[in-house]
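Reading the structure
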Amino acid sequence: MVPYPLHDHEYSVFVQILRDLRLELGVTQVQLAERLHVDQSLVSKVERRERRLDVAELRRVCVALGVPLTDFVARFERALALESTGRRKNELKL
């Protein structure tokens, strides 16, 4: 267990990828919230790391963005691997 899971470094990377992906796809927080049938504040809280997503919620976000969950996970794993080798963020595109 991580004592502060919302502030864990890997979770920060996870949220940054999720946000970057949303922006790359040209989807606003409001649009994503509408697709998920939730309030925009929930999307904002996730992106500000005030609220943690579970795997089922992540899957729903991926579906709402039109991205397979497996692609998101692969991108997350690549980000962590690239980070450990000191490579750059621009190498993380899907």
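The model shown is predicted, which means the values in this text are computed figures rather than measured ones.

Some thoughts on helix α1 (residues 9-24)
The end-to-end C-alpha distance of α1 is 22 Å, a good match for the 22 Å that 16 residues give at a rise of 1.5 Å each. Those residues of α1 not exposed but buried are Tyr-11, Val-13, Phe-14, Val-15, Ile-17, Leu-18, Asp-20, Leu-21 and Arg-22. For α1, the elements touching its buried residues are α2 (29-36), α3 (40-47), α4 (55-65) and α5 (69-85). One side-chain oxygen at the N-terminal end of α1 lies 3.0 Å from the backbone nitrogen of Glu-10; it belongs to Asp-8.

Overview of the packing of aromatic side chains
Considering all chains together, one arrives at three aromatic pairs under this definition. Pairing Tyr-11 with Phe-14 gives two aromatic rings, centres 5.2 Å apart and planes at 20°, and the pair type is stacked. Pair noted here: Tyr-11 and Phe-14 are both in helix α1, with a separation of three residues, about one helical turn. Residue classification places Phe-14 among the buried positions, given a relative accessible area of 9%. A ring pair is formed by Phe-14 and Phe-72, whose centres lie 5.3 Å apart and whose planes are at 85°; its orientation type is edge-to-face. In this pair, Phe-14 is assigned in helix α1 and Phe-72 in helix α5, connecting sequence segments 58 residues apart. What makes Phe-72 buried here is its relative accessible area of 1%. Through a chain of ring-to-ring contacts, the aromatic side chains of Tyr-11, Phe-14, Phe-72 and Phe-76 assemble into a single cluster. Positioned above the aromatic ring of Tyr-11, the side-chain terminus of Arg-52 is 4.2 Å from the ring centre.

Some thoughts on the pattern of salt bridges
Inspection of every chain in the model, using the stated rule, returns five salt bridges. Note that Glu-50 is salt-bridged to Arg-48, the shortest N-O span being 2.9 Å. A salt bridge links Glu-57 to Arg-51, with the nearest nitrogen and oxygen atoms 2.5 Å apart. Here Glu-57 falls in the buried class, since its relative accessible area comes to 16%. A single network of salt bridges, built from pairs that share partners, joins Arg-19, Arg-22 and Glu-47.

What to know about the nonpolar core
Generally speaking, a soluble globular protein has its nonpolar side chains buried in company with each other. Phe-14, Leu-18, Leu-32, Leu-53, Leu-65 and Phe-72 are the most contacted members of the largest nonpolar core, which has 23 residues in total. Within the residue set of this core, elements represented by two or more residues are α1, α2, α3, α4 and α5. Per element, the largest residue contribution to this core is seven residues, and it comes from α1.

Notes on α4
Three or four residues apart is the spacing at which side chains of an α-helix point the same way, because the helix has 3.6 residues per turn. Looking at α4, one finds that the buried residues are Glu-57, Leu-58, Val-61, Cys-62, Ala-64 and Leu-65. Projected onto a plane normal to the axis of α4, the buried residues spread over an arc of 160° and lie on a single side. Facing away from the buried side of α4 by over 90 degrees, the exposed positions are Val-55 and Val-63. Where α4 is buried, its residues contact α1, α2 and α5. Its side-chain oxygen placed 3.0 Å from the backbone nitrogen of Ala-56, Asp-54 serves as the N-cap of α4. Just downstream of α4 lies Gly-66, where phi reads positive at about 75°.

Calculation criteria
- Residues numbered from 1 in each chain as written.
- Predicted model: local features only at pLDDT ≥ 70, side-chain atom pairs only at ≥ 80, totals over all residues.
- Heavy atoms only, no water.
- Helix = DSSP H or I, 4+ residues; strand = E, 2+ residues; numbered from the N terminus.
- Expected span 1.5 Å × (residues − 1).
- Buried < 20%, exposed > 50% of the residue type's maximum accessible area, 1.4 Å probe, protein only.
- Contact = heavy atoms within 4.5 Å.
- Polar contact = N/O pair within 3.5 Å; in protein donor to acceptor, adjacent residues only side chain to side chain.
- Phe/Tyr/Trp six-rings, centres within 6.5 Å; stacked < 30°, edge-to-face > 60°.
- Lys NZ or Arg CZ within 6 Å of the ring centre and 35° of its normal.
- Salt bridge = Lys/Arg side-chain N within 4 Å of Asp/Glu carboxyl O.
- Core = buried A, V, L, I, M, F, W, Y, C linked by side-chain atoms within 4.5 Å.
- Arc of directions from axis to C-beta.

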